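Secondary and tertiary structure notes
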Number of protein chains: 4
Amino acid sequence: MNIGIGVIGVGVMGADHVNTISTAISGAEVRAVFDIDPSRAARVASSVPGAKPLSSAQSLIEEFEVDALLIASNDATHAQYVLSAIAAGKPVLCEKPLAPTVAECEKILCAEQMAGLRMVQVGFMRRFDPGYVEMQRRLVSGIIGRPMLAHCSHRNADVPSGWTSEMTVLGSAVHEIDVMPWLFGKKVIGVNWMAPSSAITAKFRDPQVLVLELEAGALVICELFVKCGYGYEIRCEIVGEKGTIELAPLASVRVRSDFKMQTDFASDWRGRFAEAYRRELQSWVNGVIRWRSSKEQTEFGPVNGPDAWDGYCGAVVSEAVLRSMAYSGRMGVAFQPLPELYRKCRDALAYA
Amino acid sequence: MNIGIGVIGVGVMGADHVNTISTAISGAEVRAVFDIDPSRAARVASSVPGAKPLSSAQSLIEEFEVDALLIASNDATHAQYVLSAIAAGKPVLCEKPLAPTVAECEKILCAEQMAGLRMVQVGFMRRFDPGYVEMQRRLVSGIIGRPMLAHCSHRNADVPSGWTSEMTVLGSAVHEIDVMPWLFGKKVIGVNWMAPSSAITAKFRDPQVLVLELEAGALVICELFVKCGYGYEIRCEIVGEKGTIELAPLASVRVRSDFKMQTDFASDWRGRFAEAYRRELQSWVNGVIRWRSSKEQTEFGPVNGPDAWDGYCGAVVSEAVLRSMAYSGRMGVAFQPLPELYRKCRDALAYA
Amino acid sequence: MNIGIGVIGVGVMGADHVNTISTAISGAEVRAVFDIDPSRAARVASSVPGAKPLSSAQSLIEEFEVDALLIASNDATHAQYVLSAIAAGKPVLCEKPLAPTVAECEKILCAEQMAGLRMVQVGFMRRFDPGYVEMQRRLVSGIIGRPMLAHCSHRNADVPSGWTSEMTVLGSAVHEIDVMPWLFGKKVIGVNWMAPSSAITAKFRDPQVLVLELEAGALVICELFVKCGYGYEIRCEIVGEKGTIELAPLASVRVRSDFKMQTDFASDWRGRFAEAYRRELQSWVNGVIRWRSSKEQTEFGPVNGPDAWDGYCGAVVSEAVLRSMAYSGRMGVAFQPLPELYRKCRDALAYA
Amino acid sequence: MNIGIGVIGVGVMGADHVNTISTAISGAEVRAVFDIDPSRAARVASSVPGAKPLSSAQSLIEEFEVDALLIASNDATHAQYVLSAIAAGKPVLCEKPLAPTVAECEKILCAEQMAGLRMVQVGFMRRFDPGYVEMQRRLVSGIIGRPMLAHCSHRNADVPSGWTSEMTVLGSAVHEIDVMPWLFGKKVIGVNWMAPSSAITAKFRDPQVLVLELEAGALVICELFVKCGYGYEIRCEIVGEKGTIELAPLASVRVRSDFKMQTDFASDWRGRFAEAYRRELQSWVNGVIRWRSSKEQTEFGPVNGPDAWDGYCGAVVSEAVLRSMAYSGRMGVAFQPLPELYRKCRDALAYA
């Protein structure tokens, strides 16, 4: 018996999730869809047998046939929907960022702690990407010794007009801000922002360079370049005492023609991370199914991936980056103490 | 509402399919399992909620909850199970080869023609591999002009003891025998077999070299090396008038250590073609669902990939290769005329 | 004190050699130049301080200031100039092929044996290419076990009009015909020629496929494609019992632009093998200098690379290929017994 | 007629240069050698026909048969030998750094200006490396638009005991400090030094990260890691408005074995930059020959590559890096005004 998913927000990302759930995920089906644009909701719902459009997010959250919620609406609306879902006792997968501000993320942490269990998974899909997963496996194997340094490049071919430097941080860099500490097994303790000064426009500097300082002093240097022009590309190399591990280029074929050997880049993140999104969704669905059928796992909740605490950490670091951008220089990063709920789950996973 | 799958044969390949259907396929669930070894059937069934072991293949084929059949038993048993499934009116996905002899394949073609529709899909999963699919897309785009030549390497790290030269052809080369004519859009008209003479043992020569001659004279040169020692690797380059297309190496990470840059090979075909198997199964399930729900598509049946005619062609060419191996020199290849049932479906697909 | 070089034939290849000797070789200088086109000889000579054009090949061979000869004239003239040089007692580097026919090569072998020492080096420059040299080193190290099979691709972007199938064999394939037996340490014992039948014009078939059968049964499969359109590329992979060694792609930079990662191919052999030509010339010059200054090495002569026997072997195999092309099917290859002069030098080198 | 070279300092680097001049350079020969260790001088001299060891650097500088000087002695001695050579009117190729301090470099600039011509070329060999040269060619072609950012990794497998952070800057980073402004066509205006804090020992931090700020605001991020353990590797990617250019990996062969595809790294800089050193030496020799034979070029002197001003710039930036290392934070970089002598030559070259 499949679980029923309700999707809030079916723009590019949400519609992609609806399609993936409906064509490539075991154990789940989309049953309801809401979007601020009713015609878009109707169109997406009509593409899926058994799915209906609903006229409000709240009615979707409360819908009897909806067992779990996927939130892919505008960032500014994330927190309110997540909080409603927690109140309704329904598991949530919320696209990143969990919320644009630390304050909103803290409200979500409070709500989960009052509920006594984790209900919210955050859409940091890179943790499911086969490349990053393999990097982590190799790191843990010790093949490069202790990691000390990392180089990341995060390049988008283009962004919509009206884009700002802050959007690059909150929407793009937040992936590196999440995945690099996860790979190193270390928290961020400081950040430093730089940019080529030739790249100044009033509100949009591109490329940017972000240095993350991790516990024990490791440095992560991130290039963020969202109008790089040539394609979508994510690179990452971790440098350890004895060697390095890097993401290999992804291309299924090589073409020789016109005096060149050529491989193609993805045009955007959906092509590059299609498999990561599929695994993220399947993992989340598996977690929800397991939670619903198994009483003894109740205390950890339905989460099967990055949780609200990870979302909060992303927001704290992102805010520090924006301060470094505004005022220049290194900014320290401080998190609230890890609440018992999240500590307990991390301890349990470390034993697993 | 998911369709119910019954699986005949749950050795390495069948168990892998059971796992994929249960964890990564939308719209289907495994409901019954049969294996010649009852304890193996019981073990695999117990790993899937809702699946039960059955005591005979026939009872599984007739089982009310089983809507469609997946056959992954010993090659010699394929034909009888496929014929029973056709008789029972249930769609089949049969692992390659469809059957080890041309005669058996012809019986299946007859049975489908008498039934008036295609019920059998054959497990030539490479047609679903992202690399081969992309090669085909590029070929059709015309980027390299008319294809004239191809180089293939098919390398397994190792094979079980007791392996024979014939098994390399029927079990390994049959993939190239299927996929290369599909890529070129041309039938095989002749074959020629060679092997380094240093590689002689009584019954097992390795590596082998197979030359396929296609309509219009294109040549496909295949190295088959099933004890290559270093890993599982599939290579393919198609040479056209203006350039070439080749499968790119697959590796998710690169490691620098010990004065070397290293990428890993898969240890066997399951790692290399995991995504192809997933897409093959999803495509087949989609075809079965569409067929069951849509009256007007009845004449094409539930097949959504290579069909029994493709399986028959593979058997015809494989037999010619075995003749070239036994008697040396080029052997011509002749197929029976394409029956109306299969021609009609191919015409329809060409319009699609 | 530099040795003086006389160059016969200063078309594309000869002019390239003159330039290399004058700008990148230690211990030698070009002192005289002859070409069937006197204006070309004059032009090339004027580009090198101290070089003069001469009006006949014979006068150049006899010129007092010319210590050694480089022959890069039309293939059909090679034998006569080489024989004159031997008669004059001057070392020769002769571009490949040593001569277009076996009969001419045999005359050269006779002349050297009568002279009692090797005077002639043949321009099989691949033996000096860093890639092939490294392949040989790895083979000898045993890293892939016994070699059994090889795949070669020899692709030119284009050839002049009037090109024929035979020219591909004598001018292009001869490089594989020389270097592959050298890598395997085995003689050719049979050849088999094939071509896509779609590639027929009256006199020029392209691509061609050539199978060389080596002693102990190893097979070398060579694609020869001289109007491949996309660039100049030489590929080679040797397959052994435990692994393979292949030439790595050569490109100094990678460019990302227009949704592609790109590396460039050389436009012709001069770019691809510039370093091999430089090393070939330096090695030959070193051999000549050593020979002139060292009495005890007299019996081996000034040769410091492939010799006339290697040139003869190339001609024997090439003729067999032309027979296979003309009459179809496998052709055996037989060489005359290795004369004492060449055997002695090979033995001495094997001890070195 | 070859020019005669005298070499001061024949340790690892100097002996390598002696060998290259004697075996692979046109137009020059080593005639005298000095080393602080007389037995080393004698040993190296004995390996080259016609070369003699001399008992003092000054006698070598004054030696009649020595036309030009190559200085590869201890860094601290560079300035005095260079000044003596200028006084003697003999061209110099001085290994990098020109001198360890800005003050010494300024003395050399003065001496050249008083002499009225450039006599000193500095051994920044990367400007002759085929990869960097090709990067520059592509940059100038405009294929990536205006360059804005660069990522460099400079990794040595190991360094001798007693190595210090300063030695990494003066001996290793100085290559990036020279070649990156050359590629961008922009001067350094600021530097910023960082290091993973986990990498602290009393005097040797490794890896280090160096940020160079160029005119017009471009940023160059350099990782310097001299005990990286896995091999010698130099990487460089320049990021422009429309794409990027990066050095391609250098390896002549690829080996498949043990479930891995492998390419080798060089063990040290000599293997990696052998061709750059050869071209550097040939270019310098060509410059010296041209200068000696051509009166009208006298004002530019014999220099045919980076000159003393480039050496001075390297020293100025290196000192700023050491200040940033000692005191933390960004340090501005200021050069003295470009003297007329050097400006004039640069203008002339820009027209060439």
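The following paragraphs examine the structure supplied in this document. Given the structure is predicted, the values throughout are model-derived calculations rather than measurements. (Residues numbered from 1 in each chain as written. Chains lettered and ligands numbered in written order. Predicted model: local features only at pLDDT ≥ 70, side-chain atom pairs only at ≥ 80, totals over all residues. Heavy atoms only, no water.)

1. Some thoughts on the side chain of Glu237(B)
Looking at the element boundaries, Glu237(B) is found in strand 11 (residues 233-240). Looking at Glu237(B), its side chain comes within polar contact range of the side chain of Arg235(C), at 2.8 Å. (Helix = DSSP H or I, 4+ residues; strand = E, 2+ residues; numbered from the N terminus. Polar contact = N/O pair within 3.5 Å; in protein donor to acceptor, adjacent residues only side chain to side chain.)

2. Brief notes about the interface of chain A and chain B
Counting residues at the interface gives 33 residues for chain A, matched by 33 residues for chain B. At the boundary of chain A with chain B, total buried surface from both sides reaches about 2800 Å², with 45% on carbon and sulfur atoms. One can count eight salt bridges joining chain A with chain B. Put simply, chain A and chain B have 15 residue pairs in polar contact (both at pLDDT 80 or more) between them. If you list the elements that add at least two residues to the side of chain A that touches chain B, you get helix 1 (12-24), helix 6 (130-141), strand 12 (243-247), strand 13 (253-257) and helix 9 (274-293) of chain A. Counted by class, the side of chain A that touches chain B contains 13 nonpolar, 10 polar and 10 charged residues. (Contact = heavy atoms within 4.5 Å. Buried area = accessible area lost by both parts, 1.4 Å probe. Salt bridge = Lys/Arg side-chain N within 4 Å of Asp/Glu carboxyl O. Nonpolar A, V, L, I, M, F, W, Y, C, P; charged D, E, K, R; others polar.)

3. A look at the sheet that holds strand 1 (residues 3-8) of chain D
Residues and elements named next belong to chain D. Judged by pairing direction, the sheet is parallel, and its six strands sit side by side in the order 3-2-1-4-5-6 without closing on themselves. The outermost strands of the open sheet, each flanked by one partner alone, are strand 3 (52-53) and strand 6 (120-122). Note: strand 1 against strand 4 (residues 68-71), four bridges, orientation parallel. Note that in strand 4 the partner of Ile-8 across the bridge is Ile-71. Helix 1 (residues 12-24) contacts strand 1, strand 2 (28-34) and strand 4 of the sheet and is inclined by roughly 150 degrees relative to strand 2. (Pairing = 2+ DSSP bridges. Axes fitted to C-alpha atoms, helices over the stretch in contact; angles between N-to-C directions.)

4. Regarding the relation of the copies chain B and chain C
It takes a turn of 180 degrees to lay chain B on chain C, together with a shift of 0.0 Å along the axis; the resulting RMSD is 0.0 Å. Both copies of the chain, as the preceding transformation shows, are related through a two-fold rotation axis. Take the interface residues of chain B: 100% of them recur as interface residues in chain C, which is what a same-surface contact looks like. (Least-squares fit on C-alpha atoms with pLDDT ≥ 70 in both.)

5. Section: the sheet that holds strand 1 (residues 3-8) of chain C
All names here are of chain C. In space, the six strands of this open sheet follow the order 3-2-1-4-5-6, with parallel pairing throughout. Both edges of this open sheet fall to strand 3 (52-53) and strand 6 (120-122), since each of them pairs with a single strand only. Relative to strand 2 (residues 28-34), strand 1 runs parallel, the two being bridged by six bridges. Of the residues in strand 2, the one forming a bridge with Ile-3 is Ala-28.

6. Topic: the environment of Gly27(D)
Residues and elements named next belong to chain D. Mapped onto the elements, Gly-27 comes out in the loop between helix 1 and strand 2. On the basis of relative accessibility, which here comes to 16%, the residue Gly-27 falls in the buried class. For the pair Gly-27 and Gln-282, spaced 255 residues apart in sequence, the C-alpha separation works out to 8.4 Å. If near-sequence neighbours (up to four positions away) are discounted, Gly-27 is found in contact with Asn-2, Ile-3, Val-285 and Ile-289. (Buried < 20%, exposed > 50% of the residue type's maximum accessible area, 1.4 Å probe, protein only.)

7. Some thoughts on the interface of chain B and chain C
Opposite the 35 residues of chain B that make contact, chain C presents 35 residues. In total, chain B and chain C occlude about 2400 Å² of area from one another, counting both sides; carbon and sulfur atoms represent 60% of this. On the surface where chain B and chain C come into contact, there are six salt bridges. Between Glu246(B) and Arg235(C) there is a salt bridge, with the nearest N and O atoms lying 3.1 Å from each other. Between the two partners, chain B and chain C, sit eight residue pairs in polar contact (both at pLDDT 80 or more). Elements represented by at least two residues in the side of chain B that touches chain C include exactly strand 7 (147-155), strand 9 (208-214), strand 10 (219-225), strand 11 and strand 12 (243-247) of chain B. Sort the elements by how many residues they give to the side of chain B that touches chain C and strand 7 of chain B lands first, with five residues. Across the side of chain B that touches chain C, the residue classes break down as 16 nonpolar, nine polar and 10 charged.

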